[in-house]
Amino acid sequence: MTGLSLSDKVTIGSALLGGAAGVAGSFAVLRRRSLVGDMLAHASLPGVCIAYAITGSRELLGLSIGALVSGLIAIGLMTLVVRWTRTKEDAAIGIMLSGFFGLGIVLLSVITRSAAAGGSAGLSSYIFGEPGNMLDSDLLTLAAVGAGVLLLVVCFYKEFKLVSFDHEFAKSQGWPTLWLDLGMMAAVALVTIIGLPIVGVILMAAMIILPGATARMWTNRFNVLLILAGIIGATTGAVGVRLSSSLPTGPTVVLTGATIFVASILFAPERGVIARVWSETRLRIRVAREHLLRSLYELNEPTLPRLTPTSFQTLLSHRYATPWMLRWLVDRSEHRGLVTLRGDQITLTPLGFRRAAEATRTHRMWEIYMMEFAGSAPDHVDRSADAVEHLLPESLLVELEDRLAREGRLPAIATEVPASPHEVNTEGNTS
């Protein structure tokens, strides 16, 4: 690594740590064991202090071995507490996390006061992270850990995938789920321990959880999730280090990851807030438009097949809509070629009449179904059908209609709209 500046080494090291943490942490997120990484990070502090007391050196490998041993002891004690007592897993994690972290702070205080140690010995950097003293050997260790995690995932990709999504099925097939689970958690533990000098014991959990949780917002495919988590983790580490020129590195790296996560919550194509609000808004508009067309069909029903104009006030009193909303719906329907508007009079076009007949037929079929199979009363079935008839996506309705047409059971449009099971007021006072 000769020739690389300290800044470059820290950036590369943080990117390697973020990539490995993203891939390994995805399994913890999918297995709903994100807090295990948090507990492991906090429980490693006593091991770091004891390893320093024994070796007298701040070399990453030696301190990491001490941290790993301490973390494994905490996991073992947590498992025993859950298995042999009535303590729940989340409570056991909290107990081990706080207990081991408290012990680590006490040991760190003792080392700080030790004259032989020459002050704090730099171990306090393990609390919040301080990668400024990264050596070439540390960078090689991070690269080796990252490569080891990727090799483990590639070798056991199919097994890890099944255990992550359907642990019971894998167990019923005779797979060694316990060892596979331990393999996944060992990868999480290894990455957690190695990352302590960079982001610290308090913030390492964020490096484990954030990339996997962020990638989950963008995809439902397992292989894409792992790749995205690795890329997001590496980007978080590299960008966070570059932004931390005058700020603490560990918190800056975590804030970078949190920013990417918040952006994903807002802008992810399917799970994002904006996409969901847009989808729900489109659904509400479609439902309101179908209600408008059904109202026009019902008001024209006594004179069919002749279509007569309907006044705005008659339509307004028929559907209980607010005037501005109804006016907006009528204007949008005219723009789509479903109605024509002459002054205050609204008339269905041939296309609008076909859509209105389809909406009315679907509504009345739901009314009949709910009366016969759900026991709804005729005077309440109108609102009940309104609540459920729009739940099926349009693509599924088309598929069902195609199936009925192939079987010869699809009634013709408009001419075979079933009669309403309840009285329909065509005067515009009630529906």
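Just so you know, these numbers come straight off a predicted model, no measurement behind them. (Residues numbered from 1 in each chain as written. Predicted model: local features only at pLDDT ≥ 70, side-chain atom pairs only at ≥ 80, totals over all residues. Heavy atoms only, no water.)

Turning to the overall build of the protein, a few remarks are in order. Scanning the protein for helices and strands turns up 18 helices and three strands. Expressed as a percentage of the 431 residues in the protein, the buried residues total 43%. Long-range pairs, those at least 24 residues apart, make up 68% of the contacts in the protein with a sequence separation of at least 6. Split by element, the accessible area of the protein, about 22,300 Å² in all, is 63% carbon and sulfur. (Helix = DSSP H or I, 4+ residues; strand = E, 2+ residues; numbered from the N terminus. Buried < 20%, exposed > 50% of the residue type's maximum accessible area, 1.4 Å probe, protein only. Contact = heavy atoms within 4.5 Å. Areas by Shrake-Rupley, 256 points an atom, 1.4 Å probe, with all protein chains shown as cover.)

UniProt's entry tags residues 12-30, 60-82, 94-119, 139-157, 178-210, 222-241 and 253-269 with the feature "transmembrane region" (unreviewed entry), counted in the numbering of this structure. The distance from the first to the last C-alpha atom of residues 178-210 is 26 Å, and the span holds 100% helix and 0% strand. Here residues 253-269 runs as 88% helix and 0% strand, with 25 Å between its end C-alpha atoms. (UniProt positions renumbered as here; feature names shortened; annotations may be inferred.)

This part covers the pairing of strand β3 (residues 345-348). Regular strands place side chains that alternate from one sheet face to the opposite one. As judged from the two bridges shared by strand β1 (residues 310-311) and β3, these two strands associate in the antiparallel manner. By the bridge assignment, Thr-310 is partnered in β3 with Ile-346. Across four bridges, strand β2 (residues 339-342) lies against β3 in antiparallel orientation. Within β3, the residue paired with Thr-340 across the bridge is Thr-347. Counting the residues between successive antiparallel strands, the hairpin from β2 to β3 contains two residues, one of them, Gly-343, with a positive phi of roughly 65 degrees. (Pairing = 2+ DSSP bridges.)

Time to look at the pattern of salt bridges. Taken as a whole and assessed by the stated rule, the structure comprises five salt bridges. Between Glu-298 and Arg-294 there is a salt bridge, and its shortest N-O distance comes to 3.4 Å. Highlighted residues: Glu-298 and Arg-294, both in helix α13 (residues 273-300), separated by four residues, approximately one helical turn. Both residues of the pair, Glu-298 and Arg-294, count as buried. In this structure, Glu-358 and Arg-355 form a salt bridge, with 4.0 Å as the shortest nitrogen-oxygen distance. With Glu-358 and Arg-355 both in helix α16 (residues 350-373) and three residues apart, this pair spans about one turn of that helix. Of the residues examined, Glu-358 reaches a relative accessible area of 21% and is grouped as partly exposed. (Salt bridge = Lys/Arg side-chain N within 4 Å of Asp/Glu carboxyl O.)

This part takes up the sheet that holds β2. Pairing is antiparallel in the open sheet, where three strands are placed in the order β1-β3-β2. Each edge of the open sheet carries a strand with a single partner, namely β1 and β2. Along the sheet, α13 contacts β1, β2 and β3; its crossing angle with β3, the most-contacted strand, is approximately 90 degrees. Sheet strands touched by helix α15 (residues 323-335): β2 and β3. Its angle to β2, the strand with the most contacts, is close to 115 degrees. (Axes fitted to C-alpha atoms, helices over the stretch in contact; angles between N-to-C directions.)

At a closest axis distance of 9 Å, the pairing of helix α4 (residues 60-84) and helix α10 (residues 177-216) adopts a crossing angle of 130 degrees. Here α4 is positioned oblique relative to α10, judged by the angle of their axes. At the point where α4 passes α10, the crossing takes the right-handed sense. Contacts from Leu-60, Ser-64, Ala-67 and Leu-68 in α4 reach Ala-189, Ile-193, Ile-194, Leu-196 and Pro-197 in α10. For the contact of α4 with α10, the class distribution of residues is eight nonpolar, one polar and no charged. (Parallel < 35°, antiparallel > 145°, perpendicular 65-115°, else oblique. Left-handed = near helix turned anticlockwise from the far one by under 90°. Nonpolar A, V, L, I, M, F, W, Y, C, P; charged D, E, K, R; others polar.)

This part takes up the environment of Phe-156. Looking at the secondary structure, you find Phe-156 in the loop between α7 (136-155) and α8 (157-165). Remark: the alpha-carbon pair of Phe-156 and Met-184, spanning 28 residues in sequence, is separated by 9.7 Å.

If you look at the biggest cluster of nonpolar residues, it comprises 54 residues, and the most contacted ones within it are Phe-27, Tyr-126, Val-149, Val-191, Leu-196 and Met-204. The element contributing the most residues to this core is α10, with 16 residues. Non-local contacts of Val-149, meaning those with residues more than four positions away in its chain, are made with Ala-20, Val-23, Ala-24 and Val-191. (Core = buried A, V, L, I, M, F, W, Y, C linked by side-chain atoms within 4.5 Å.)

A few words on the packing of α10 against helix α11 (residues 222-242). Two elements in contact, α10 and α11, have axes separated by 8 Å at closest approach and are oriented at 130 degrees. Relative to α11, α10 is oriented oblique. Helix-helix and strand crossings are classified by hand; for α10 and α11 the assignment is right-handed. Contacts from Met-207, Pro-211, Gly-212, Thr-214, Ala-215 and Arg-216 of α10 reach α11 at Leu-225, Leu-228, Ala-229, Ile-232, Gly-233 and Thr-236. A breakdown of the residues in the contact of α10 with α11 according to their chemical character gives seven nonpolar, four polar and one charged.

Moving on, we get to the packing of aromatic side chains. Taken as a whole and judged by the stated rule, the model has six aromatic pairs. One aromatic cluster is present, formed by Phe-27, Phe-156, Tyr-157, Phe-160, Phe-165 and Phe-222 through successive ring pairs. Above the plane of the ring of Phe-312 lies Arg-327, whose end atom (NZ or CZ) is 4.2 Å from the centre. (Phe/Tyr/Trp six-rings, centres within 6.5 Å; stacked < 30°, edge-to-face > 60°. Lys NZ or Arg CZ within 6 Å of the ring centre and 35° of its normal.)

Right, let's talk about helix α5 (residues 89-113) for a bit. With 25 residues, α5 ought to run about 36 Å at 1.5 Å a step, and its terminal C-alpha atoms sit 36 Å apart, in line with that. Among the residues making up α5, those that are buried are Ala-92, Ile-93, Met-96, Leu-97, Phe-100, Phe-101, Gly-104, Leu-108 and Ile-111. (Expected span 1.5 Å × (residues − 1).)

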